[in-house]
Structures are given as structure tokens and as C-alpha cells.
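Working through the structure, step by step
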Amino acid sequence: MGHGVAKCHDEIHGTIDKVQNPSATFGFFYAKVTPMKDQFLLNPTYTFLNHGSFGACPKVIFEKQQSFQREMESDPVYFIQKQFAKHLATAKEALAAFINCDPDDFVFTPNPTVAVNTIMRSLKLKEGDEILTTNHEYGAMDRTWHFYSKKSGVKYVRQSISLPVISKEQILAEFWQGLTPKTKIIFINQIASITALIFPVKEICDKARELGITTIIDGAHVPGHIDLDIASLNPDFYTGTLHKWMLAPKGSSFLYVKKEWQNEIEPLVVSWGYESLTPSESPFLDYHEYQGTNDHSAYLCTPTVIEFLQKNNWKEKSAAAKELVLKNYPRFCALLNSTPIAPLSTAFMGQMASVPIQTSNPQELKDLLYDKYKIQVPIMILNEKVYLRYSINAYNSQSDLDILYKALEDIIATTDLIQV
Ligand SMILES: Cc1ncc(COP(=O)(O)O)c(C=O)c1O
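Residues numbered from 1 in each chain as written. Predicted model: local features only at pLDDT ≥ 70, side-chain atom pairs only at ≥ 80, totals over all residues. Heavy atoms only, no water.

This part is about the overall build of the protein chain. The helix and strand inventory of the protein chain stands at 15 helices and 17 strands. In terms of overall size, the protein chain behaves like a compact globule, its C-alpha atoms giving a radius of gyration of 22 Å where 420 residues would be expected to give roughly 22 Å. Here the C-alpha coordinates of the protein chain stretch approximately 65 × 55 × 35 Å along the principal axes. Looking at the protein chain as a whole, 56% of its 420 residues qualify as buried. Long-range pairs, those at least 24 residues apart, make up 67% of the contacts in the protein chain between residues at least 6 apart in sequence. Accessible area for the protein chain stands at about 18,600 Å²; split by element, carbon and sulfur atoms hold 52% of it. Charged side chains of the protein chain number 40 positive and 46 negative; the gap between the two group centres comes to 3 Å. (Helix = DSSP H or I, 4+ residues; strand = E, 2+ residues; numbered from the N terminus. Rg over C-alpha atoms; globule rule 2.2 N^0.38 Å. Buried < 20%, exposed > 50% of the residue type's maximum accessible area, 1.4 Å probe, protein only. Contact = heavy atoms within 4.5 Å. Areas by Shrake-Rupley, 256 points an atom, 1.4 Å probe, with all protein chains shown as cover. Lys, Arg positive; Asp, Glu negative; His and termini not counted. Charge placed at Lys NZ, Arg CZ, Asp CG, Glu CD.)

This part covers the nonpolar core. I186, Y238, F254, L369, I375, Y390 and L404 are the most contacted members of the largest nonpolar core, which totals 106 residues. The element best represented in this core is helix α13 (residues 314–336), accounting for ten residues. Both of domain 1 (3–60 + 313–414) and domain 2 (83–309) provide at least three residues apiece to this core. When residues no more than four places from it in sequence are discounted, the contact partners of L404 are L49, F332, L369, I375, V377, L388 and Y390. With 21 residues, the next largest nonpolar core counts I119, I131, Y156 and I185 among its residues. (Core = buried A, V, L, I, M, F, W, Y, C linked by side-chain atoms within 4.5 Å. Domains from an automatic or database assignment.)

Per the domain assignment, the segments making up the protein chain are domain 1 (3–60 + 313–414) and domain 2 (83–309). Taking only C-alpha atoms, the centre of domain 1 and the centre of domain 2 are 29 Å apart. Across the domain 1 to domain 2 interface the summed buried area is about 2,800 Å²; carbon plus sulfur atoms make up 62%. In this structure, the connection of domain 1 to domain 2 is made through one salt bridge. The partner of D227 in a salt bridge is K315, with the nearest N and O atoms 2.8 Å apart. Where domain 1 packs against domain 2, one counts 14 residue pairs in polar contact (both at pLDDT 80 or more). Mapped onto the side of domain 1 that touches domain 2, the elements with two or more residues apiece are α2 (51–54), α13, β12 (352–356), β15 (379–382) and β16 (385–391). Grouping the constituent residues of the side of domain 1 that touches domain 2 by class yields 22 nonpolar, 14 polar and three charged. (Buried area = accessible area lost by both parts, 1.4 Å probe. Salt bridge = Lys/Arg side-chain N within 4 Å of Asp/Glu carboxyl O. Polar contact = N/O pair within 3.5 Å; in protein donor to acceptor, adjacent residues only side chain to side chain. Nonpolar A, V, L, I, M, F, W, Y, C, P; charged D, E, K, R; others polar.)

The next thing to look at is the sheet that holds strand β8 (residues 183–189). Spatially, β5-β11-β10-β9-β8-β6-β7 is the arrangement adopted by the seven strands of the open sheet, whose pairing is mixed. Strand pairing shows two members of the sheet lacking a second neighbour, β5 (106–109) and β7 (155–159), which therefore form its edges. Shown here is a sheet whose adjacent strand axes are inclined to one another by a mean of 15°, direction ignored. Here β5 pairs with strand β11 (residues 253–257) via four bridges, running antiparallel. Looking at β11, one finds that T109 is bridged to S253. (Pairing = 2+ DSSP bridges. Axes fitted to C-alpha atoms, helices over the stretch in contact; angles between N-to-C directions.)

This brings us to the site of the ligand. Neighbouring the ligand are S53, N111, P112, T113, Y138, M141, I191, S193, D218, A220, H221 and K244. At 2.6 Å from a nitrogen atom of the ligand is found a side-chain nitrogen or oxygen belonging to D218. Within the side chain of K244, one N or O atom sits 2.6 Å away from an oxygen atom of the ligand. Isolated, the ligand exposes 390 Å² of accessible area, and the fraction of that covered by the protein chains is 88%. Tallied by class, the residues present in the shell around the ligand amount to five nonpolar, five polar and two charged. (Near = heavy atom within 4 Å.)

Attention now goes to the packing of aromatic side chains. A full pass over the atoms with the stated rule returns 15 aromatic pairs. With 5.0 Å between their ring centres and 35° between their planes, Y46 and Y370 make a pair best called tilted. Linking Y46 in the loop between α1 (35–38) and β4 (47–48) with Y370 in helix α14 (residues 362–371), this pair joins segments that are 324 residues apart in sequence. Classification of Y46 by relative accessible area gives buried; the value is 18%. Classification of Y370 by relative accessible area gives partly exposed; the value is 31%. Plain terms: the ring middles of W145 and Y148 are 6.1 Å apart, the flat faces sit at 85° to each other, and that makes the pair edge-to-face. You can see W145 and its partner Y148 sitting in helix α6 (residues 139–152), three residues apart, about one turn around the helix. Exposure class is identical for W145 and Y148. Each is buried. (Phe/Tyr/Trp six-rings, centres within 6.5 Å; stacked < 30°, edge-to-face > 60°.)

Time to look at helix α12 (residues 302–311). Those residues of α12 not exposed but buried are T302, T304, V305, I306, F308 and L309. Backbone geometry just downstream of α12 places N313 in the positive-phi region, at approximately 45°.

If you trace the backbone, N393 turns up in the loop between β16 and α15 (398–414). On the basis of relative accessibility, which here comes to 2%, the residue N393 falls in the buried class. Side chain to side chain, N393 and H51 meet in a polar contact 3.3 Å long. A distance of 3.3 Å separates polar atoms of two side chains, one belonging to N393 and the other to Q351. If we skip the residues at most four places from it in the chain, N393 touches H51, W245, L247, W314 and Q351.

Structure representation (C-alpha cells):
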């Protein structure tokens, strides 16, 4: 246990520790250092409420990655030429079972940006064709499609999904208003980054299939967070991360491509797999599974990652986290004088939720929360509105949200950064 941390008393899930923040005038914070938090590398003196941005990796998984890295450095040639393919096949089998698809239908990528850029560079749309999306997408993805749109003359249609969301039917009705005879592709996030809302992508994929429209699903936040069954969702393309809610080391994601599309997908980076001297039956795998020398140890941890989730009953932990997210949402809305952005239900909110906040300076507010109150929580802007998004994982507890609540109360009372 770190400096300045003294055991205080017990709470529902275990031990609460009283943490004195030496640099703040704010006094005592009650930070719960659960046995679960001890299993992560997270700084125990900070309140970490931002799993959503880049995840957090348990020590045992991180150590597994380091053991792969050590093995590689002990004989890089032997590891890369003789061992890597075997470990990769095991990792792919494990992930394929977890997301329910054929291991030959996906490749690992460092992140969803690489996955979506790979698709984007292979598309053969005509000028005037349309890509239908929402106004809740992730900035890097919007930029990827704007880039494509500028180069190709394809129209990127950001259909507005209004807030507060009332129902699934409302989202679907608003979304389909963007459909035209020129719509060739649907690109949509299953869980949005800034609004943290869950979108009804199953219904969208089903209807798109009937209409003959190609679906590209951005599931960056999905694996390990809400159920994912690729076979039943049946999209044309899907990308998800392992390093967010599956707790893998950073730089582990995947790109699923339906069999019919695999011959269309060109390598984003051309390497030995193109015009391979030893081609497999799948150019898709040949092109994408070797793109130059790299450290792929994060991918190889997948079996350890899944074992960790199963051993620790992660489904139950995730359900408890979702409960905490929902329970606290009205409290933060009341404090910030904000309207909830969706019904309080796991149909719309998972392990993270976004509360509208009125602030004159989002960056200053975020920095203040971090520097003075030692809270890692994002304040983000989308469609000219500002949101505070809190994420909950098994290493968090009610006391973390209480710390955030008290900090916001203090900021409201002592500064003019937040308008209520
Ligand atoms: C909705 C969404 N899509 C994609 C990404 C992936 O971004 P990157 O490729 O930068 O890791 C994120 C990351 O937070 C996200 O929230």
C-alpha cells in the first residue's frame, strides 16, 4: 500500500482505505483499494474513472506479455520465425471462441483506427455514393471517413440522433431517415465514445442486410463489456479492442471481415504476405498477419486475458459495475442540473455513462480534477455539448464516485468553472 494510505474501515465489497492527498487542500478522500485494484497496475493514490479511454491491464496479464517479450529477446529469430505462428494460432482460437466467429475471419490489429483504415483503403465506391453514420462517432473514425470522402467524392452522412434518447425505436427511426438510394455503406459504433450510449446495431445490421447495404461496425468498446456474438450479429466488417474492456495489454484489437469480402481487402501495409512465396489459402490472412517486424506480444496474451476474465467471474463483475453506473447517474444529473441523456437502463448504458455538464472551460475542469483532486475522468465535447463520462470497472467502488461527487461539489462552490 502506497505512501499516505491508511486502512480505515470495511464496506460492502471489502476494504475502504482513507487516502490523504498531500497536495490538495480538499482534505481526505475515501479511496477504495479493493483486492481487485491491487491486481492492477493503477496508481492507488488516484481515483481512476476512465477505463473507457485506454483500458487498464491486470498485473498477471501484463506479466504474461513481458514473459513473451523476454522469450522473444532471448532469441528473436527463433521466436519470430519458429514460435510466433504457433502462439498466434492459439490466441486466435481463443478470441474466435470468445466473439463467436471463425479464426480465419479476423486478424489482429493494434487498434480500431488501423482496422477501419484498412477497410476504407479497399473500398471501391463511386462518386456520389453515400456512407450513412451517426453524429455520435469517434473523432478518429469521422476523420478517416472525411479523408475518404474528400478523395473519392463519396458523401459521409452524419445522421443526427437526438438527445435525450427516448427509446431504441427513436434511434432507429432517426437513423433510417438518413437512408437514400445512394447509401452503400453503414458505419456505426456499437457503443459511442463520448456519449457512451449503446446503439441497436443488431437491428441495423438485420435491416441493412435486407437492403443490400454493407455494414461496418465500430465495436471498440464492446468485447468484455457487453455481449458480442459476431455470428448472430452478422455484420460485413467488425472491429473491437481487447485492450479496453477485455483488459489486454495496449495495442490489441481485431478486424473481422465476412468471407465474401476477404478477397476485396488489400493490405494497408504491403509486406511479405503480398505475392507470398508460401501462400496459404487465404490472401486476407497472408496480407495482414505479417506487416513487417513488430512486437505482437499483446496479441499473444489473449488466452491469458480470457482465462483471467473467466476465473474472476467477469460477467458478474461487469453486471455489478453497470448497476453502480446506473445508480449514480441521477445523482450526478441532479448535482450538475442536467437532463439524463437516455433512459436508465442497460439497454443504453454499460460500464460507462456520460452526464451533460455546463462548463466555461472543459480542459481546465479536466486538469483541475486531475491535478487538485487526483481524479482521472474525461470531460469531452460532442456536437457543441460537453459531457463528463465516468467508467466503472471491478477495481472501482461507490467511494470512487463519491470522491468525484465531492470534488464537483467543491468546484461548484469555489469556482465559476461549472454552471448549474
Ligand atoms: C467508439 C470508438 N471507436 C474507436 C476507438 C479506437 O480508437 P484508437 O484506434 O485510437 O484506439 C475508440 C477509442 O476510444 C472509440 O471510443
